[in-house]
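Each chain is listed here by its residues.
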Amino acid sequence: MIHLLSILLLAAGLGAARAQELDPAAVQVLAGPCANCHGPGGGSPGAIPAIAGLPADAAAERMLAFREDTDPSATVMPRLMKGYGEDEIRALARWFAETPK
Amino acid sequence: MNTTRREMLVAMGAGVLALPHVVRAQTGAHVVVVGGGFGGATAARYLRRADPGLRITLIEPQQRFATCPFSNLYLGGLRDWDSITHGYDGLRAAGIEVIHARAEDVDAAARSVTLSDGTRLGWDRLVLSPGIDFRWGALAGYDEAAAELAPHAWKAGPQTQLLRKQLEAMEDGGSFVMVVPEGAFRCPPGPYERASMVAHYFKTHKPRSKILILDSQDKFSKQPLFQQGWQAHYGEMIEWVGQSDDGLVAEVDAGTREAVTVFGTRHKADVLNVIPPQKAGVIAERAGVADQTGWVPVVAERFESTLVPGIHVLGDATIAAPMPKSGFCANAQAKVAAAAIAADLAGREPPPASFANTCYSLIAPGWGIAVAGVYRASDGKVVEVEGAGGVSPLDAGPEFRRAEADYGAGWYASICADIWGAA
């Protein structure tokens, strides 16, 4: 239990450290694969929802809901969002919020 | 006079020594990209965005690029040819020089690439995204001439159109036999999506026909989802024979359209589709970046060759497992490589690598499935993020399958816009 707790604390510490380290170049790389489905700059031309210009807080909450499996309408997004930390998800939400629609 | 001369010499010396570095750090560094597909065209585009000062040249033989993704839908009659081919006007408008020629040779020491039209281009960084080539003759009886009778259709183009014509010419009640190769091959779920799309075509036009898949593997990508979908949409039309059940083919006779297994069972086809054993595109061998496996080892953080520094290699040609050989992965790798190249040329530390993949397969109209993964780089290798990724749930209902069919089409529209779309 103590071992588990120390791992959790360590993970939280790493998460915090990483949040400070996320520079724009790193976020741009994180955002790279998003365009594969959501279109260049998040402006989807097809059936997948566009994400460019979405309000950052709402977008982050939606991505976190995907990650926690609490969005019943989801298909592939829960599988993808489980690969990202909360700090990364919030940085991605800010990134696409600042992209023009 | 002496002072002026000495100053000049100093300036010249400094220029000779420092100029290449200065040029690379600012503008005018030349990046040559070989291959205008999912990896190469993406790399060219994202290099341009990362550093508007770079000179970027893309080498691609085809005026219009036919994509392997969605070519199975063309075979199934759900897509026309134009909708799966893409030109290079968008890349040109983005300020990328596109040369329609074949890259014939690479001189890594001289940092040059020689093209089929005789042009020799110098480069500061080279990106190879050559896709696959076939190991002709590795499967007895199957060479380039045999492929004109029993098409592989595993590079989208005339081969795909030939296979479609053969399916159209086949009588109702005929048999379509597909041979799945040994070793790593492009698009792990591709053969099974192809069987699905051929089944859709048969169900619609030739319902008494049969499909036989002779497989070198005992398990395949998204297998339970495919088999569930086959049962639901096509009943007993598709028969899959794994390696342990005598599925491994030792020899083909393209003239008689027969596939012969290692145990000597002969399967006669009306349309025979042989997917041959594969390796990295031949330019990888000529550049010295392929290893004894025929594929290209890379440093995952930059998708740079482990054998020849300065050459970055992307996509199906690379050894990138656990990332599959998919167009999505090639595109994701290209973005990481572009960021790393631009940072390196500007003297900055490359940002941390991050990749994802989603491969959609269509089993029937309105019935799609997907596999996804998230990846990072660690100690030169691609590592899959544990707890993420995976396949669509087996117990999902028709609404879920319909959504993934729609999203598959959405994915194709988005990634093609990302790569070949307007600037």
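Chain B is annotated in an unreviewed UniProt entry as Sulfide dehydrogenase (Flavocytochrome c), flavoprotein subunit from Paracoccus solventivorans.

Chain A is annotated in an unreviewed UniProt entry as Cytochrome c553 from Paracoccus solventivorans.

S.K.: Help me out: how do you make sense of the overall build of chain A in this one?
M.R.: Scanning chain A from terminus to terminus reveals 6 helices and 0 strands. Reading the helices (α) and strands (β) of chain A from amino to carboxyl end gives α-α-α-α-α-α. For chain A, the residues scored as buried account for 36% of the 101 residues in total.

S.K.: What's the story with the sheet that holds strand 16 (residues 266-268) of chain B in this structure? I'm lost.
M.R.: Backbone-to-backbone hydrogen bonds pair the strands of a sheet. The strands run either parallel or antiparallel. Residue and element names in this part refer to chain B. If you trace the 3 strands from one edge of the open sheet to the other, you get 14-15-16, paired in antiparallel fashion. On the outer flanks of this sheet lie strand 14 (249-253) and strand 16, each paired with one strand and no other. Geometrically, the sheet is characterised by an average inter-axis angle of 20 degrees between neighbouring strands, direction not taken into account.

S.K.: Hey, could you run me through helix 7 (residues 223-234) of chain B in this one?
M.R.: Count 3.6 residues to each turn of an α-helix, and residues three or four apart come out pointing the same way. Residues and elements named next belong to chain B. End to end, helix 7 covers 15 Å across 12 residues, agreeing with the expected 16 Å (1.5 Å per residue, within 8%). Here helix 7 has its buried residues at L225, F226, G229, W230 and Y234. Along the long axis of helix 7, the arc covered by the buried residues comes to 130 degrees, so they all point the same way. In helix 7, the exposed positions that point more than 90 degrees away from the buried face belong to P224 and Q231. Where helix 7 is buried, its residues touch helix 6 (190-205), strand 13 (238-241), strand 23 (354-364), strand 24 (367-378) and strand 26 (390-391).

S.K.: What should I look at first to understand the pairing of strand 23 of chain B in this one?
M.R.: Regular strands have side chains that alternate between both faces of the sheet. All names here are of chain B. Extensive coverage of strand 23 is indicated by the burial of 11 of its 11 residues. Note that strand 23 and strand 24 share 10 bridges and pair antiparallel. Within strand 24, the residue paired with A364 across the bridge is W367. Joining the antiparallel neighbours strand 23 and strand 24 is a turn of 2 residues, in which G366 adopts a positive phi near 75 degrees.

S.K.: Help me understand the domain arrangement of chain B in this model?
M.R.: By convention, interface size is frequently given as the accessible area that disappears when the constituent parts associate. Residue and element names in this part refer to chain B. Split by domain assignment, chain B resolves into domain 1 (27-131 + 281-420) and domain 2 (146-277). Of note, the centres of domain 1 and domain 2, computed from C-alpha atoms alone, are 27 Å apart. If you look at the interface, domain 1 gives 28 residues, while domain 2 gives 29 residues. Sorting the residues of the side of domain 1 that touches domain 2 by element identifies helix 3 (71-75), strand 23 and strand 24 as the ones contributing at least two each. Split by residue class, the side of domain 1 that touches domain 2 holds 18 nonpolar, 8 polar and 2 charged.

The rules behind each value
- Residues numbered from 1 in each chain as written.
- Chains lettered and ligands numbered in written order.
- Predicted model: local features only at pLDDT ≥ 70, side-chain atom pairs only at ≥ 80, totals over all residues.
- Helix = DSSP H or I, 4+ residues; strand = E, 2+ residues; numbered from the N terminus.
- Buried ≥ 20, exposed ≤ 12 C-beta atoms within 10 Å, placed from the backbone.
- Pairing = 2+ DSSP bridges.
- Axes fitted to C-alpha atoms, helices over the stretch in contact; angles between N-to-C directions.
- Expected span 1.5 Å × (residues − 1).
- Arc of directions from axis to C-beta.
- Contact = placed C-beta atoms within 7 Å.
- Domains from an automatic or database assignment.
- Nonpolar A, V, L, I, M, F, W, Y, C, P; charged D, E, K, R; others polar.

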